[in-house]
Amino acid sequence: MSNITAAVIANRNKKHFLGVPAPLGYVAGVGRGATGFTTRSDIGPARDANDVSDDRHAPPATKRKKKDEEEEEDEDLNDSNYDEFSGYSGSLFSKDPYDKDDEEADAIYDSIEKRMDEKRKEYRDRRLREDLERYRQERPKIQQQFSDLKRSLATVTSEEWSTIPEVGDSRNRKQRNPRAEKFTPLPDSVLSRNLGGETASSLDASSGLASMVPGVATPGMLTPTGDLDLRKIGQARNTLMNVKLSQVSDSVTGQTVVDPKGYLTDLQSMIPTYGGDINDIKKARLLLKSVRETNPNHPPAWIASARLEEVTGKVQMARNLIMRGCEMNPQSEDLWLEAARLQPPDTAKAVIAQAARHIPTSVRIWIKAADLETETKAKRRVFRKALEHIPNSVRLWKAAVELENPDDARILLSRAVECCNTSVELWLALARLETYENARKVLNKARENIPTDRQIWTTAAKLEEANGNIHMVEKIVDRSLTSLTANGVEINRDHWFQEAIEAEKSGAVHCCQAIVKAVIGIGVEEEDRKQTWIDDAEFCAKENAFECARAVYAHALQMFPSKKSIWLRAAYFEKNHGTRESLEALLQRAVAHCPKSEILWLMGAKSKWMAGDVPAARGILSLAFQANPNSEDIWLAAVKLESENSEYERARRLLAKARGSAPTPRVMMKSARLEWALERLDEALRLLAEAVEVFPEFPKLWMMKGQIEEQQLRTDDAAATYTMALKKCPTSIPLWILSANLEERKGVLTKARSILERGRLRNPKVAVLWLEAIRVELRAGLKEIASTMMARALQECPNAGELWAEAIFMETKPQRKTKSVDALKKCEHDPHVLLAVSKLFWSEHKFSKCRDWFNRTVKIDPDLGDAWAFFYKFELLHGTEQQQQEVLERCIAAEPTHGESWCSVSKCIRNWQFKTPDVLRAVVRELSVPI
């Protein structure tokens, strides 16, 4: 019992913190004030201030450094550094440890701050926007202050702009134009006058200035006596310059290296051509020097260094560098060639000779050596020496052969093909120089050595054709394809077609035809043959290889004899690029295979008619009638043939038969037109009255009826005819225009406007109706109404070239150019706009531009007769006879049929027999020069 009591008592007396680790932040002795004092062991033994320091007891350097850093990081906890809101600038607890509780507390505070901030965010944003708006109202930007003034600039006219004065300089004249101090040299007369004896007495003899004046002696110095003659000084200076120039003369040849007269001028040639920064040159020079020293066997480094010096004007240094490079790399042909380029011609020969000794197998060096020679004999000697070292160089053999005459060239080539038996060019060159028999042998040897080249075979075929062996050409071409295929060569159609084109250009027609016939079917699918062959023919025609194209068409027609499209293409090809005989022969074969094709019959008849063989044309048309009975086109072609040849009764009988067998609207129209042309107006009206009953929706019948009635001055009947016609054919634009023009001529302008308005409502977005309405107003003198209507028309039809062309010339002269630019933006490729621009240049007397734009116009639309008429009139006034004839021929070839002025002449019944040249000249007479 006593023992238990003693243990309990012992436990009671034991302190609770014994054996437990110290809490965080515990410092021993703080509670009893046992800190803040030091002992001698802390500061070391006592020393005098003047004693030498002893670092044995000093703390280590790292500890001292850490201590200093801690002292620097101590916060300033002075009252002057205290703020009522944020406290001290530093943290009072920065030295205390940061444990998990602190981290948790900080997270809680952050979440609270974030939530409070979200609550205040809307109010803060609104407050910020209000402050910003108030600030901008109080202090607006300069741009906002001047916005109203900038808007008012839109009303400033060009005259007001031109009267705005330039911004001046408020400084005075001396400040604006600072001038450096001027120094004016005194003339020699003033110097010589002031150097007289009277000025000498005023100088101190002991001063140094006395020695400068004649007649005043200075001790210890040689003083000149007498007057100073400045003219003699100038002469002496010139003499000294002549002596110096003589010293630089060449003592060997006696020729002066420096031109005394152009000495200063020639100095300009020594200025470096490099215009960059000199520091860049220095850096490049150092860099290249480093490369040369690091790797002296690298030729590009030496070449780059030499070219750098050459660019900077130091040619001699460049030569020295490149020669050092050649010494370091004697096997580099690039270095030797660069050295030869930098050296003058005489030295270059020595350099290239040295290069040839080091690299005797370099072709480029030998060619450079030959180029340096000026005489042909020396060039031959160089090439022959080169061929001794490099007998298998094709380039050297070709260069050597070019310098020889034909006999010597043949001898050289015979040796060349032995050394270079795989060079096609050498074999072919030798074959060209040999006779026929020897050439065949040469080509046979060439085929043995080079069995995979097609040029040798084609050359053999050309050789046989040139010597009259036409039957051998096709055999050689066929054998070539067999041989090349056996040797594994792929037969490429494009390459062989190119060979055929080259053969035709060299005059070997049979060879090109044989090649086309042999390769045309290679690599073509059966279903693609027709289109592929048509493309081949068009490609050959584009390359001006007409015989090749003819051969392609012949093969295609042989494979597809009943295809009308191929016959037509072949016929058009012969019409454009062949003769009349070839065209007629082709058309005869065409109608035999395609008798139902009316256009082929008509082309044949027209060819005979254009050649003047009218009976043959009639025969062809009679055969066409048998093959195509009751064909409208053939009937009308026969009528045209008879009427053009003044066989009017025969034409009338044909038309009567046509009306009986094939009463079509065109036949009725042609019948009435023939009667109208022959001035049988009553018969024409009778036919037209019958026709409009049968074909009321054919507008041309109504138009002809109304025009004949106008010609008879029966305007009321004509108006009734047009009114009826518009009910039957409301979409016919010419009918609306004819009706409006009739009312305008009667003086009823309001009704003309009404008709055109109804026409526009019935046919919206038709530019021609708008144009006619605008012209009605212009003819009435109402330009303002016309301008308003033009604006409406361009809104409805923004891409109508006719309207833009009219709008350009409705503007005043200064505004026309701007309007034309707008028109070109909207209608860049419209012929009417291009024609208007051409006329605009004509009115401005810019004839060269005018001619270019006329050419563009007729190229874009060759069917526009007005363009040809204006172009021809322009050339008549400002062109040569050759240019006039050229335009006339081009117009006849184009056969234009459209155009306002053109149709007004060509469709006039009085001009019904006019050909294209007659219509062109008649239109030109009616046109006026644009102003």
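Bear in mind that the values here come from a model prediction, so they are computed numbers and not experimental data.

A few points about the overall build of the protein chain
Then, number 1: When helices and strands are tallied, the protein chain shows 50 helices and two strands.
Then, number 2: Evaluated residue by residue, the protein chain yields a buried proportion of 35% over its 931 residues.
Then, number 3: For the protein chain, the proportion of contacts with a sequence separation of at least 24, taken over those separated by at least 6, is 49%.
Then, number 4: When the accessible surface of the protein chain is summed, it comes to about 60,100 Å², and 52% of that surface belongs to carbon and sulfur atoms.

Side note on the UniProt feature "coiled-coil region" (unreviewed entry) in the protein chain
Then, number 1: Taking the numbering used here, the UniProt-annotated feature "coiled-coil region" (unreviewed entry) corresponds to residues 125-152.
Then, number 2: Span residues 125-152 is 86% helix and 0% strand, its end C-alpha atoms 37 Å apart.

Examining unusual backbone geometry
Then, number 1: Within the chain, leucine 713 stands out as a residue other than glycine whose phi angle is a positive 65°.
Then, number 2: Relative to the elements of secondary structure, leucine 713 occurs in the loop between α37 (699-711) and α38 (715-728).
Then, number 3: Residues other than glycine seldom take positive phi values, yet histidine 845 does so here, at roughly 65°.
Then, number 4: Tracing the backbone shows histidine 845 in the loop between α45 (831-843) and α46 (847-860).
Then, number 5: Taking relative accessible area as the criterion, histidine 845 reaches 59% and is therefore assigned exposed.

Some words on the packing of helix α13 (residues 299-311) against helix α14 (residues 315-328)
Angle between the axes and distance between the axes: these two values describe a pair of packed helices.
Then, number 1: Running from amino to carboxyl end, α13 crosses α14 at an angle of 170°, the nearest separation of the two axes being 7 Å. One finds that α13 runs roughly antiparallel with respect to α14. Contacts between α13 and α14 involve Trp302, Ile303, Ser305, Ala306, Glu309 and Glu310 from the first element and Val315, Met317, Ala318, Leu321, Ile322, Arg324, Gly325 and Met328 from the second.
Then, number 2: A breakdown of the residues in the contact of α13 with α14 according to their chemical character gives nine nonpolar, two polar and three charged.

A short note on a positive patch on the surface
Then, number 1: Among the surface-exposed residues, Lys575, Lys606, Lys640, Lys670, Lys700 and Lys907 lie close enough to one another that they form a single positively charged patch.
Then, number 2: Looking at the secondary structure, you find lysine 575 in helix α29 (residues 564-577).

Section: α38
Then, number 1: End to end, α38 covers 20 Å across 14 residues, agreeing with the expected 20 Å (1.5 Å per residue, within 8%).
Then, number 2: Every buried residue of α38 is listed here: Ala718, Ala719, Thr721, Tyr722, Ala725 and Leu726. Relative to the axis of α38, the buried residues are bounded by an arc of 160° and lie together on one face. Opposite the buried face of α38, at more than 90 degrees from it, the exposed residues are Asp716 and Lys727.
Then, number 3: Taken together, the buried residues of α38 touch α37 and α39 (733-746).

A short note on the nonpolar core
Then, number 1: Membership of the largest hydrophobic core comes to 217 residues, with the highest contact counts inside it found for Leu396, Leu803 and Leu920.
Then, number 2: Setting aside residues no more than four positions away along its own chain, leucine 920 makes contact with Trp868, Ala869, Tyr872, Leu888, Cys891 and Trp902.

Describing the packing of aromatic side chains
Then, number 1: Within the structure shown, the criterion is met by ten aromatic pairs.
Then, number 2: Between the aromatic rings of tryptophan 533 and phenylalanine 560, the centroid separation amounts to 6.0 Å while the plane-to-plane angle is 55°, which identifies the pairing as tilted. On the criterion of sequence distance, the pair formed by tryptophan 533 in helix α27 (residues 529-542) and phenylalanine 560 in the loop between α28 (546-559) and α29 is long-range, its members being 27 residues apart. You'll find tryptophan 533 and phenylalanine 560 in the same group, each marked buried.
Then, number 3: Aromatic pair phenylalanine 854 and phenylalanine 871: ring centres 5.3 Å apart, planes at 15°, arrangement stacked. Taken as a pair, phenylalanine 854 in helix α46 and phenylalanine 871 in helix α47 (residues 865-878) lie far apart in primary sequence, 17 residues in all.
Then, number 4: The rings of Trp842, Phe847, Phe854, Phe871 and Phe874 are connected pair by pair, giving a single aromatic cluster.

A look at the pattern of salt bridges
Then, number 1: Summed over all chains, the structure comprises 39 salt bridges.
Then, number 2: Close ionic contact of glutamate 649 with arginine 652 constitutes a salt bridge, the shortest N to O distance being 3.6 Å. Of this pair, glutamate 649 and arginine 652 both sit in helix α34 (residues 648-661), three residues apart, roughly one helical turn.
Then, number 3: Judged by relative accessible area, which is 43%, glutamate 649 ranks as partly exposed.
Then, number 4: You can call arginine 652 partly exposed: its relative accessible area is 24%.

Structural notes on the environment of alanine 570
Then, number 1: Considering the arrangement of structural elements, one finds alanine 570 in helix α29.
Then, number 2: Look at alanine 570 and you get buried, because its relative accessible area is 3%.
Then, number 3: C-alpha of alanine 570 to C-alpha of valine 552: the two residues are 18 residues apart in sequence and 9.7 Å apart in space.

Describing a nonpolar patch on the surface
Then, number 1: Judged by side-chain polarity, Ile108, Tyr109, Ile112 and Met116 come together as a nonpolar surface patch covering roughly 410 Å² of accessible area.
Then, number 2: The residue methionine 116 is located in helix α4 (residues 100-138) in this model.
Then, number 3: Note on methionine 116: relative accessible area 37%, which makes it partly exposed.

A closer look at α4
Then, number 1: With 39 residues, α4 extends 52 Å between its outermost C-alpha atoms, agreeing within 8% with the 57 Å of an ideal straight helix rising 1.5 Å per residue.
Then, number 2: Bending of α4 peaks at approximately 45° at the position of arginine 120.

So, the side chain of glutamine 343
Then, number 1: For glutamine 343, the location among the structural elements is in the loop between α15 (333-342) and α16 (345-358).
Then, number 2: A residue is classified by how much of its surface remains accessible, and glutamine 343, at 13% relative accessible area, is buried.
Then, number 3: Setting aside anything within four residues of it in sequence, one finds glutamine 343 in contact with Arg319, Met323, Ala348 and Val351.

Quick notes on a negative patch on the surface
Then, number 1: A surface patch of negative charge is lined by Asp99, Asp101, Asp102, Glu103, Glu104, Asp106, Asp110 and Glu113.
Then, number 2: Relative to the helices and strands, glutamate 113 is located in helix α4.
Then, number 3: Classification of glutamate 113 as exposed rests on a relative accessible area of 51%.

Side note on the side chain of serine 393
Then, number 1: Of note, serine 393 is situated in the loop between α18 (376-389) and α19 (394-402).
Then, number 2: Relative accessible area serves as the criterion here: at 7%, serine 393 is assigned to the buried category.
Then, number 3: The contact partners of serine 393, leaving out residues within four places of it in the chain, are Val363 and Cys420.

Some remarks on the confidence of the model for the protein chain
Then, number 1: When pLDDT is averaged along the protein chain, the result is 79; 79% of the residues meet or exceed 70.
Then, number 2: Between residues 51-59, whose pLDDT stays under 50, and residues either more than four places distant or in other chains, the model counts five contacts.
Then, number 3: This stretch, residues 263-272, has a pLDDT under 50; its non-local contacts, to residues over four places away or in other chains, come to five contacts.

Structural notes on the packing of α46 against α47
Then, number 1: Close contact between α46 and α47 brings their axes to 10 Å; oriented N to C, the two are set at 150°. Judged by the inter-axis angle, α46 sits roughly antiparallel to α47. Once α46 is placed against α47, the crossing between them reads as left-handed. Counting all contacts with α46, which are made through Phe847, Cys850, Arg851, Phe854, Asn855, Thr857 and Val858, the residues of α47 involved are Ala867, Trp868, Phe870, Phe871, Phe874, Glu875 and His878.
Then, number 2: Each residue belonging to the contact of α46 with α47 can be placed in one class, and the counts come to nine nonpolar, three polar and two charged.

Re the environment of lysine 728
Then, number 1: Within the secondary structure, lysine 728 is located in helix α38.
Then, number 2: In sequence terms lysine 728 and valine 692 are 36 residues apart; their C-alpha atoms lie 9.9 Å from each other.
Then, number 3: Lysine 728 has contacts with Pro696, Glu697 and Trp702, leaving out every residue within four places of it along the chain.

Conventions and cut-offs
Residues numbered from 1 in each chain as written. Predicted model: local features only at pLDDT ≥ 70, side-chain atom pairs only at ≥ 80, totals over all residues. Heavy atoms only, no water. Helix = DSSP H or I, 4+ residues; strand = E, 2+ residues; numbered from the N terminus. Buried < 20%, exposed > 50% of the residue type's maximum accessible area, 1.4 Å probe, protein only. Contact = heavy atoms within 4.5 Å. Areas by Shrake-Rupley, 256 points an atom, 1.4 Å probe, with all protein chains shown as cover. UniProt positions renumbered as here; feature names shortened; annotations may be inferred. Axes fitted to C-alpha atoms, helices over the stretch in contact; angles between N-to-C directions. Parallel < 35°, antiparallel > 145°, perpendicular 65-115°, else oblique. Nonpolar A, V, L, I, M, F, W, Y, C, P; charged D, E, K, R; others polar. Patch = residues over 30% accessible without salt bridge, like charges linked within 9 Å, V, L, I, M, F, W, Y side chains within 5 Å. Salt bridge = Lys/Arg side-chain N within 4 Å of Asp/Glu carboxyl O. Lys, Arg positive; Asp, Glu negative; His and termini not counted. Charge placed at Lys NZ, Arg CZ, Asp CG, Glu CD. Expected span 1.5 Å × (residues − 1). Arc of directions from axis to C-beta. Core = buried A, V, L, I, M, F, W, Y, C linked by side-chain atoms within 4.5 Å. Phe/Tyr/Trp six-rings, centres within 6.5 Å; stacked < 30°, edge-to-face > 60°. Bend = angle between axes of the 7 residues up to and from the residue. pLDDT = per-residue confidence, 0-100. Left-handed = near helix turned anticlockwise from the far one by under 90°.

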